[in-house]
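# Coordinates in review
The primary structure of each chain is shown beneath.
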Amino acid sequence: QVQLVESGGGLVQPGGSLRLSCAASGSILRINAMGWYRQAPGKQRELVATITSGGRTNYADSVKGRFTISRDNALNTVYLEMNSLKPEDTAVYYCNADVQPAMSWTSYDTWGQGTQVTVSS
């Protein structure tokens, strides 16, 4: 069974930085796109950033220039470097990946359990 495990969340002051990591484990044949989403209290889950297996990236307008997504295909890991954090970035951040398990002809949309990011003074 494939799992995504996030780490790196926490409490940070406005203007600060955090780095999130998400590692995929299990019997994996291939990981296609990976990404980060977030959900603030009372709001719908929204896209933060995505990255293809070839490294092409896409960002929400609200994080462009502040957040950077990257991945290490050898480690099946995706990262989110977050700089100049604002209180409105406070949310639970979820890792997402399109994963093709070993011995499978199809890929599956897979989610992590989420990690809390709180930006507050």
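Residues numbered from 1 in each chain as written. Predicted model: local features only at pLDDT ≥ 70, side-chain atom pairs only at ≥ 80, totals over all residues. Heavy atoms only, no water.

Looking now at the sheet that holds strand S3 (residues 18-25). One open sheet accounts for 4 strands, arranged S1-S3-S8-S7; its pairing is antiparallel. The sheet terminates laterally at strand S1 (3-7) and strand S7 (67-72), the two strands that pair on one side only. Ignoring which end each strand starts from, the neighbouring axes of this sheet average 15° apart. Of the pairings in the sheet, the one linking S3 to strand S8 (residues 77-82) comprises 6 bridges and is antiparallel in character. (Pairing = 2+ DSSP bridges. Helix = DSSP H or I, 4+ residues; strand = E, 2+ residues; numbered from the N terminus. Axes fitted to C-alpha atoms, helices over the stretch in contact; angles between N-to-C directions.)

Of the pairings in the sheet, the one linking strand S4 (residues 28-39) to strand S5 (residues 46-51) comprises 5 bridges and is antiparallel in character. Along S5, the bridge assignment pairs Trp36 with Ala49. Taken together, the 3 bridges between S5 and strand S6 (residues 57-59) define a ladder with antiparallel strand orientation. Of the residues in S6, the one forming a bridge with Ala49 is Tyr59. Counting the residues in the hairpin turn of S5 and S6 gives 5 residues, including Gly55, whose phi is positive at 100°.

Within the fold, Thr77 resides in strand S8. According to the relative accessible area criterion, Thr77 is buried, its value standing at 7%. A polar side-chain atom of Thr77 sits 2.9 Å from the main-chain carbonyl oxygen of Leu75. The residues contacting Thr77, other than those within four sequence positions of it, are Cys22, Ala23, Met34, Ser70, Arg71 and Asp72. (Buried < 20%, exposed > 50% of the residue type's maximum accessible area, 1.4 Å probe, protein only. Polar contact = N/O pair within 3.5 Å; in protein donor to acceptor, adjacent residues only side chain to side chain. Contact = heavy atoms within 4.5 Å.)

A few words on the state of the cysteines. Across all of its chains, the model carries 1 disulfide by this definition. With a sulfur-sulfur separation of 2.1 Å, Cys22 is cross-linked through a disulfide to Cys95. Residues Cys22 and Cys95 are joined by a disulfide whose S-S torsion is about -80°; by sign, that bridge is left-handed. In this pair, Cys22 sits in strand S3 while Cys95 sits in strand S9 (residues 91-101), placing the two residues 73 residues apart along the sequence. Here Cys22 matches Cys95 in class, with each residue buried. (Disulfide = S-S within 2.5 Å.)

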